[in-house]
Amino acid sequence: MARLNLNGKTLDVKVDGDTPLLWTIREQAGLTGTKYGCGVGQCGACAVHINGELQRSCSIAIKDIKPTDKIVTIEGLSPTSSTAVQKAWAAVDVPQCGYCQSGQIMAATALLAKKPKPTDADIDAAMTNICRCGTYQRIRAAVHMAADMKKA
Amino acid sequence: MTKIAQTKVSRRTVVGTSLAAGGMAIGVGAGGITTALAQKVLADAATGAEVSAWVVIAPDDTVTIRVARSEMGQGTLTGLCQLVAEELECDWKKVKAEYPTPGQNLARNRVWGDMSTGGSRGIRGSQDYVRQGGAAARQMLLQAAANRWKVPVEELTVRDSVVSHTKSNRQTTYGKLVADASKLPVPDLKTIKLKDPKDWKLIGKAGVKRLDTAGKLNGSQVYAIDVKLPGMLTATIMDAPVFGNKLKSYDEAKVKAMPGIKGVYKVGDTAVAVVADTFWQAKKGLDALNPTWDESANNKVSSESIAEILTAGLASTEGVFVGNKGGDADAGIAGAAKKITAIYGSPFWNHATMEPMNCTAKWTADKCEVWVATQNGDASLAACAEAAGLKPAQCEVYKYHLGGGFGRRGQQDYTTKAVLLAKQLPGVPVKTIWTREEDMRQGKFRPVSQCKLEAGLDAQGNITGFKMRIAGPSILASVAPSRMGPGGSDPIAFQGLIAEGPEGHLGYDIPNRTIDYAMRNLHVPVSFWRGVNANQNAVYVECFIDELAKEAGQDPLAFRRKMLAKSPKHLAILNAVADKIGWEKSPPPTGVSRGIAQFMCYGSYIAAAAEVSVSDRGKLKVHRLVMGTDPGYAVNPGQIEAQVQGSVAYGLGASFYQKITIKDGRVVEENFDTYESMRLEDFPKIETVLQASGGFWGGVGEPTICVATPAVLNAIFAATGKPVRTLPLRDLKLRA
């Protein structure tokens, strides 16, 4: 049994301690916006925020999560997609297949929280998630657009 | 916790089955299609909301357009809807899309035609009949208005779903006409006159956004891997790592005692699956299962042994098929002033879709259903029926947007295995999720190949003879033997290399030439990988052409141009990228070199020009990459640009980093740590030249993939003087 603070709600889950946070979010909390891509922390499709830090949830065991850790998934950003990053993503028409985009949006959101006006080099360093469709050029444009929106 | 999950299921079901204002609306993005909804679609003609098979209109003027092809990111859903809406003259802001199911397609005499989605054919392969479907619906709606107002139909006009009769100053909307219109006979499609392209308002318009974006921004888009059904169990599976070897043993007793495990099941002769309450329990079970397989001769196969077979194929006369022959290549080379020979090679590549293979299946003695991401709904239905031991009419396939396809989800092995497993748990929905490792081990790879090129040049630097021998495994022999050509040939081997044809032909005018193929089939399965054989065929031809241009002492652009006089469209797109990069007008910055390439495939003409630098230590940087395409008609310029960019990430990324190694008969690279993907920091800014010359329908999703790599390789050759003949670049020293 573990207690999670997930998108601002308390959730008690009954899973083995070695269960990755990813599968707990998907199968116990039923939130499937966080995706399984590689299971080894390589692709970033499972990215969530824990206490505001970007984390790859496939590689964090539930036993290492404290009840006070604030976990935010893609569903916890804004159900109406009203954050600057989500709005920029829509304006630039970023997603293709879309499977990696939850993770990309979580990564971009975490980046902008730390660096409100990121340079291209900042984006290169922070946006390391894999997109097999190759939406990178639009991701870069959307991160810049979101930064401008937040500033305005 | 189960409670929350179940609440989720019922909420989704309610959302999914609620009928929007009397019309039938299954949002493709709203979570797929349930059984009840599938029946609803079939019943829909009777409710009066379906106008033609392609168009359903609700009283509130919402237009639902049926899309038979699969959306895997390539934008076909939006493009096909644009084609229908263009003829329908409906309000684009109120357009939604939905997938009819393969079962409905079967039941309705294949009214939606071909559901397969590959070969960049989604739009070009159905543009005529989907536009006719939209036009037929428009005609019926207008006739309904004419009947109601008792005026000649010719006096009516329509725009954005509003029908007007100017003479009597009357107006109404499609939503108010749909009940009457649906009772009218569907016009004979052959009598329908489609719009002249010059009158298009929506097709080719800039700034038309995708229809499927909203759910991809907040986690609400449901993919097949996200499917939840009441009572569902989750499985994971492991098939023979050495393809085809028989399953020998596994520690069933130990695994069955583990938490959450519902059972261990053989799947066919070669695979074993663990079924549990959750994926993680199933995976832990599989990790503890210790399966073993019988050995076979394939256990001795390695990348090295495969290379030996292919190298022998380069000089063999057995199992050789000719694809393009003219004049006498041998005599042309024999009498040449200069003779040049080069051997190129390409590795296996895996598709590595972001969403690993998965499929949910529910089997009973008289019905089988699958919930799946597929590039070919018809093939999924056939695979389901065969594995279920039922008739196709007893089966149904619910299609979900794909988390990537790239050709992988055209093969149905993952559907078959899911059904074979579910059949052992009658009445229980079982979702089989492959681990990334299984997805990588059980790939259907881009074929490995080698290519020997020989040419002669005369004193003026003209090609006197050209020989090209490709050796490698055949895609059709591996996955579609029924489609093989005369004498067991594989025409796809010659993609872009044949003398003539609208799908793709070699543009160069080389009178003395022989292009042939030594088919060398292996135990490693090969299949269609975005761009297919055009990927390596373009590298072989276009990089060798640069080697010849250098030997001839000629500029690579000029050398190509003189051989393209009879291929004006090849030449035009080549010139377009050359102009854009400034090939003739402005020299590249100091330390930067240029490369260029052109090809034709999937009915489109493509070219690329690159600027790169290679540091003294051999580090490559791509500074500019201009990508040109002439697909004839351009339906959605924004999505064409996105596909061009994506093709570079996929194709050039593979050329940078990827190879699948075979050792002891099995795949070595099992995850993204060893099978690296291009990431944002390596992605060069792409300048897209869309030169849609009209008059034909070419593909978009794949063609440009094949020119990015040779343009970059030729730029490296220009920088270093050393031709690049093998991939991936990661394994090479670019400077000696």
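Keep in mind that what you see is a predicted model, and the values were worked out from it rather than measured.

Enquirer: Before we move on, can you summarise the overall build of chain A with the specific residues and values?
Expert: When helices and strands are tallied, chain A shows 6 helices and 5 strands. Ordered by position from the N terminus, the helices and strands of chain A form the series β-β-α-β-β-β-α-α-α-α-α. In terms of overall dimensions, chain A is globule-like: its C-alpha atoms have a radius of gyration of 15 Å, near the 15 Å expected for 152 residues. Expressed along its principal axes, the backbone C-alpha trace of chain A runs to roughly 45 × 30 × 25 Å. Scored against the burial criterion, the 152 residues of chain A give a buried share of 62%. When contacts within chain A are restricted to residue pairs at least 6 apart in sequence, those whose partners lie at least 24 apart make up 57%.

Enquirer: Before we move on, could you go through the sheet that holds strand β2 (residues 55–57) of chain B and cite the residues and values that matter?
Expert: Residues and elements named next belong to chain B. Overall, mixed pairing links the 4 strands, which are arranged β1-β2-β3-β4 in an open sheet. The open sheet has two edge strands, β1 (50–52) and β4 (95–98), and neither has a second partner. The sheet shows a mean angle of 30 degrees between the axes of neighbouring strands, taken without regard to direction. As judged from the 2 bridges shared by β1 and β2, these two strands associate in the antiparallel manner. Within the sheet, the bridge partner assigned to S52 lies in β2 and is V55. The sheet strands contacting helix α3 (residues 76–88) are β2, β3 (63–66) and β4, and the helix crosses β3 at an angle near 120 degrees. Seen against the sheet, helix α5 (residues 127–149) touches β1 and β2 and runs at an angle of roughly 115 degrees to β1.

Enquirer: Lay out the domain arrangement of chain B with the relevant residues and their values.
Expert: All names here are of chain B. Along its sequence, chain B is organised into domain 1 (2–215), domain 2 (224–295 + 357–433) and domain 3 (303–349 + 445–731). Contacts between the two partners involve 7 residues from domain 2, matched on the other side by 14 residues from domain 3. Around 830 Å² of area is buried between domain 2 and domain 3 when both sides are counted, 66% of it from carbon and sulfur atoms. Of all residues in domain 2, F243, F406 and Q411 give up the largest surface area on contact with domain 3, accounting jointly for 68% of the area buried on that side. Put simply, domain 2 and domain 3 have 0 salt bridges between them. The interface formed by domain 2 and domain 3 holds 1 residue pair in polar contact (both at pLDDT 80 or more) in total. In terms of residue class, the side of domain 2 that touches domain 3 is built from 4 nonpolar, 2 polar and 1 charged.

Enquirer: Explain the side chain of R69 of chain B residue by residue, including any values.
Expert: Residues and elements named next belong to chain B. Locating R69 in the fold gives a position in the loop between β3 and α3. According to the relative accessible area criterion, R69 is buried, its value standing at 4%. A polar contact of 2.6 Å, which involves the side chain of R69, links it to the backbone oxygen of S116. A distance of 3.3 Å separates a polar atom in the side chain of R69 from a polar atom in the side chain of Y129.

Enquirer: Any chance you could break down the sheet that holds strand β19 (residues 449–457) of chain B for me, citing the residues and the numbers?
Expert: All names here are of chain B. The mixed open sheet is built from 5 strands, whose spatial order is β13-β21-β20-β19-β14. Edge positions in the sheet fall to β13 (320–326) and β14 (338–346), since each has one partner strand and no second. For this sheet, the mean inter-axis angle between neighbouring strands, taken without regard to orientation, is 10 degrees. Bridge count between β14 and β19: 9 bridges; the pairing is antiparallel. Counted as the bridge partner of K338 is L457 from β19. Lying over the sheet, helix α9 (residues 303–314) contacts β14, β19, β20 (463–472) and β21 (513–519), oriented at roughly 30 degrees with respect to β19. Each of β14, β19 and β20 touches helix α15 (residues 534–552); the most contacted strand, β14, lies at about 150 degrees to it.

Enquirer: Can you tell me about the pairing of strand β2 (residues 9–13) of chain A, naming the residues and giving the values?
Expert: Note that strand β1 (residues 2–6) of chain A and β2 of chain A share 5 bridges and pair antiparallel. Considered in β2 of chain A, the bridge of R3 of chain A is made with D12 of chain A.

Enquirer: Got a sec to walk through the pairing of strand β3 (residues 47–50) of chain A? Specific residues and values, please.
Expert: All names here are of chain A. The side-chain alternation of β3 yields two buried faces, one formed by A47 and H49 and the other by V48 and I50. Two strands pair when backbone bridges link them, and β3 and strand β4 (residues 53–56) are joined in this way by 4 bridges, in the antiparallel orientation. Along β4, the bridge assignment pairs A47 with R56. Hairpin connection of β3 to β4: 2 residues between the antiparallel strands, including N51 at a positive phi of 50 degrees. Sheet analysis places β3 next to strand β5 (residues 70–72), joined by 2 bridges and oriented antiparallel. Its bridge partner being in β5, H49 is matched across the sheet by V72.

Enquirer: I'd like a description of the interface of chain B and chain A, backed by residues and values.
Expert: Chain B puts 67 residues into the contact, and the matching count from chain A is 57 residues. Buried area between chain B and chain A, summed over both chains or domains, comes out near 5000 Å², and the portion from carbon and sulfur atoms is 54%. Looking at the side of chain B facing chain A, the largest losses of area belong to L217, M354 and L680 of chain B, adding up to 17% of the total buried there. In this assembly, chain B and chain A are joined by 5 salt bridges. Its salt-bridge partner being K35 of chain A, residue D226 of chain B comes within 2.4 Å of it at the nearest N-O pair. In this assembly, chain B and chain A are joined by 33 residue pairs in polar contact (both at pLDDT 80 or more). When contributions to the side of chain B that touches chain A are tallied by element, the ones reaching two or more residues are α1 (2–17), α8 (279–289), α13 (436–441) and α18 (637–657) of chain B. Per-element tally for the side of chain B that touches chain A: the top contributor is α18 of chain B, with 9 residues. Across the side of chain B that touches chain A, the residue classes break down as 28 nonpolar, 20 polar and 19 charged.

Enquirer: Tell me about the nonpolar core, and name the residues and values.
Expert: If you look at the biggest cluster of nonpolar residues, it comprises 162 residues, and the most contacted ones within it are W89 of chain A together with M468 and L625 of chain B. When near neighbours in sequence (up to four residues on either side) are disregarded, W89 of chain A contacts V94, P95, Q101, Q104, I105, A108, M127, I139, A142 and V143 of chain A together with L217 of chain B. Of all hydrophobic cores here, the second largest spans 46 residues; its members include V63, V84, A85 and Y174 of chain B.

Enquirer: If you had to explain unusual backbone geometry to someone new, which residues and values would you point to?
Expert: Going from L727 of chain B to P728 of chain B, the amide bond is cis rather than trans, its omega being 0 degrees. Tracing the backbone shows P728 of chain B in the segment after α19 (705–720). Of note, D93 of chain A is a non-glycine position whose phi angle comes to about 60 degrees, a positive value. Following the sequence through the fold, D93 of chain A ends up in the loop between α3 (84–92) and α4 (101–114). Positive phi, normally seen in glycine, also occurs at S161 of chain B, with a value near 70 degrees. Along the chain, S161 of chain B falls in the loop between β5 (156–159) and β6 (162–165).

What counts and how
- Residues numbered from 1 in each chain as written.
- Chains lettered and ligands numbered in written order.
- Predicted model: local features only at pLDDT ≥ 70, side-chain atom pairs only at ≥ 80, totals over all residues.
- Heavy atoms only, no water.
- Helix = DSSP H or I, 4+ residues; strand = E, 2+ residues; numbered from the N terminus.
- Rg over C-alpha atoms; globule rule 2.2 N^0.38 Å.
- Buried < 20%, exposed > 50% of the residue type's maximum accessible area, 1.4 Å probe, protein only.
- Contact = heavy atoms within 4.5 Å.
- Pairing = 2+ DSSP bridges.
- Axes fitted to C-alpha atoms, helices over the stretch in contact; angles between N-to-C directions.
- Domains from an automatic or database assignment.
- Buried area = accessible area lost by both parts, 1.4 Å probe.
- Salt bridge = Lys/Arg side-chain N within 4 Å of Asp/Glu carboxyl O.
- Polar contact = N/O pair within 3.5 Å; in protein donor to acceptor, adjacent residues only side chain to side chain.
- Nonpolar A, V, L, I, M, F, W, Y, C, P; charged D, E, K, R; others polar.
- Core = buried A, V, L, I, M, F, W, Y, C linked by side-chain atoms within 4.5 Å.

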